[in-house]
Every structure is written in C-alpha cells, then in structure tokens.
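Structural description and commentary
Each chain, written out:
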Amino acid sequence: MIRVREAIVVEGKYDKIRLESVVDGLIIETNGFRIFKDKEQRDFLRRLAAERGLLVLTDSDAAGFVIRSHLAGFIPPDEIKHAFVPEIRGKERRKAAPSKEGLLGVEGMDGETLRTALLRAGATVLDGAPGEESGRPGSPAGAPLSRLDLYEAGLIGAPDSASKRERLLVRLGLPRRLSTGRLLTVLQGSLSREDFRKLAEEMTATEAAEGSSGSKEGG
C-alpha cells in the first residue's frame, strides 16, 4: 500500500472501496454525473486542489472522460493530475451485465494496475510521518519529450499516425481515446527521451516484421 499526498477523485463508492486496498489517502467520489450539479462538492474539490492537489482516476469509457474533462474545466492545470486505467473488456463480479462499452472500470482493476496508474501520473508518495514526502516520482532526467519527438516517431503528422498512436496506447495500457496532448503528458512523466526512442524503434521493427510476414503469406 502507498500513501499519496493528492486527493484522489473517483466516480463511485465501489471504485473507492477498490482503491482503498491500494492507497492510504483521501479518496473522493463524484457520484457519477452528480458532480455537474453539485456546487458544494465542486467548491470542496477546488479547496483540496489548492491545498494538496487532485489526482483524477476515472473509468476509461466515454462517461469517465466526460467527468474528467468537467473536473479539468474548473481546477487549475497545475493542481490536477490524471491517472488512466487500461481498456480491458470484462464485467465486475457484482454486476449482472457488462457496462455499456463492455469495459472494466476502476473497481475491476487489480492492485498493481492501479498502483502503476497512480505512479505514472506523478502521484506524490509519502513516507514516515504524515506530511513527509519520500520523493515524488519526478520527470525522467533530461529535456522532456515534446511534440517534435512524437512527429519524428510518426505519431503525429503522418497518414498512419492515428493507427500508430493507438498501437502505442494499447502497448502502454492506456485508453485508446486519450488525446495526443494527454498522451504527451503521460509520456513526459514516465519515459526519458532515450527510452521513448527505443520504444518507438521497437514498435517500428515489430510493424516491419508483421508487414513482411503478411507479404509472404499473401505471396
């Protein structure tokens, strides 16, 4: 279990229950779309964001992204972080049927997946007495990745960029609907430029091998 400084925002009570087995910290529920009409809760989240920061962890379906965007609309960018769970098809045990999009939500994720999502988002991990920071997972050493790096890797600005980004998102366990800007933010916080280039080269080699294999089978 890890102690996190930021207040973590989830959609519902079952997400909160699941996360409590992984995180020792303050976890707040939006109660789904009720956050849209609950001014008191929005004011509370603004105060928490200013005092300790917010870390948003919603489901990877469309509804989760709507709630995430709503929160980003009234919380300053430097006071909010975004953690993402992968798109995994399935159904939570307590439910009679899968969700509309057939994806597992936060409550359906295993502990290691949730922990990885929080650390990748830059959660400030605390150690020892309350208030003591053992060190926030900072950005990798060196100059941060930029859109130029994405361009050089063919992830933007090329005819097949969209499909390449989708393959990268799947490989990293991120939602496929993640925007290019948000993807860059995640990469900046988790990969050095060297690691990113190695990953891009590996993906290019894999694509070339798959293309070659397909050509032989077709011939």
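Look a little higher up for the structure.
Scope of this entry: the structure provided in the associated data block.

Reading the values: the criteria
- Residues numbered from 1 in each chain as written.
- Predicted model: local features only at pLDDT ≥ 70, side-chain atom pairs only at ≥ 80, totals over all residues.
- Heavy atoms only, no water.
- Phe/Tyr/Trp six-rings, centres within 6.5 Å; stacked < 30°, edge-to-face > 60°.
- Buried < 20%, exposed > 50% of the residue type's maximum accessible area, 1.4 Å probe, protein only.
- Lys NZ or Arg CZ within 6 Å of the ring centre and 35° of its normal.
- Helix = DSSP H or I, 4+ residues; strand = E, 2+ residues; numbered from the N terminus.
- Contact = heavy atoms within 4.5 Å.
- Pairing = 2+ DSSP bridges.
- Axes fitted to C-alpha atoms, helices over the stretch in contact; angles between N-to-C directions.
- 1 Å grid on protein atoms, 1.4 Å probe; cavity = no way out; pocket = protein on both sides within 12 Å on 5 of 7 lines; lining within 4 Å.
- Points joined across faces, edges and corners; volume = space filled by probe spheres on them.
- Salt bridge = Lys/Arg side-chain N within 4 Å of Asp/Glu carboxyl O.
- Polar contact = N/O pair within 3.5 Å; in protein donor to acceptor, adjacent residues only side chain to side chain.

A ring pair, where both rings are aromatic, is described by two values, the distance of the centres and the angle of the planes. Here the structure, examined in full by the defined rule, presents 2 aromatic pairs. Ring geometry for Phe33 against Phe36: centres 5.1 Å apart, planes inclined by 15 degrees, an arrangement best described as stacked. You can call Phe33 partly exposed: its relative accessible area is 45%. Geometry around Tyr14 places Arg94 over its ring, the cationic atom sitting 3.7 Å from the centre.

Examined against the element boundaries, Val66 turns out to sit in helix 3 (residues 62–74). When the C-alpha atoms of Val66 and Gly32 are compared, they prove to be 10.0 Å apart, with 34 residues separating the residues in sequence. Once residues within four sequence positions are removed from consideration, Val66 is found in contact with Phe33 and Phe36.

Now for the sheet that holds strand 6 (residues 80–83). What the 4 strands build is an open sheet, ordered 4-2-5-6; its pairing is parallel. Across the chains shown, the open sheet's two edge strands, defined by having one partner strand only, are strand 4 (27–29) and strand 6. Looking at each pair of strands side by side, their axes are set apart by 25 degrees on average, direction ignored. Bridge count for strand 2 (residues 7–10) against strand 4 is 3 bridges, and the pairing is parallel. Bridged to Val10 within strand 4 is Glu29. Here helix 2 (residues 39–52) sits on the sheet and contacts strand 2, strand 4 and strand 5 (54–57); the angle it forms with strand 4, its principal contact strand, is near 155 degrees. Where helix 3 meets the sheet, its contacts fall on strand 2, strand 5 and strand 6, and the angle it forms with strand 6 comes to roughly 165 degrees.

This part is about empty space enclosed by the protein. According to the stated counting rule, one finds 2 cavities of 30 Å³ or more in the structure shown. The space that makes up the largest cavity amounts to roughly 80 Å³. Every residue lining the largest cavity is listed: Ala153, Leu155, Lys164, Leu168, Phe196, Leu199, Ala200, Met203, Thr204 and Glu207. When residues of the lining of the largest cavity are traced back to their parent elements, those giving at least two are helix 6 (161–172) and helix 8 (193–218). The element best represented in the lining of the largest cavity is helix 8, accounting for 6 residues.

Our next topic: the pairing of strand 2. Within a regular strand, the side chains alternate between the two sheet faces. Alternating residues of strand 2 divide into Ala7 and Val9 and Ile8 and Val10, and every residue in both groups is buried. When strand 2 meets strand 5, the two strands line up parallel, connected through 3 bridges. The residue bridging Val9 from the neighbouring strand is Val56, located in strand 5.

Turning to the pattern of salt bridges, a few remarks are in order. Inspection of every chain in the model, using the stated rule, returns 13 salt bridges. Note that Asp43 and Arg46 form a salt bridge whose closest N and O atoms lie 2.8 Å from each other. Of this pair, Asp43 and Arg46 both sit in helix 2, 3 residues apart, which is roughly one turn of that helix. For Asp43, a relative accessible area of 25% puts it in the partly exposed group. According to the relative accessible area criterion, Arg46 is partly exposed, its value standing at 35%. In this structure, Glu92 engages Lys95 in a salt bridge whose closest nitrogen and oxygen atoms are separated by 3.3 Å. You can call Lys95 partly exposed: its relative accessible area is 26%.

Moving on, we get to the environment of Glu101. Looking at where Glu101 falls in the secondary structure, it is placed in the loop between strand 6 and helix 4 (111–120). In this structure Glu101 comes out as partly exposed when scored by relative accessible area, which is 27%. Residues Glu101 and Asp61, spaced 40 residues apart in sequence, show a C-alpha to C-alpha distance of 6.7 Å. Once residues within four sequence positions are removed from consideration, Glu101 is found in contact with Asp61, Ala62, Arg89 and Arg177. Within the structure, the side chain of Glu101 is placed 3.3 Å from the side chain of Arg177, a separation counted as a polar contact.

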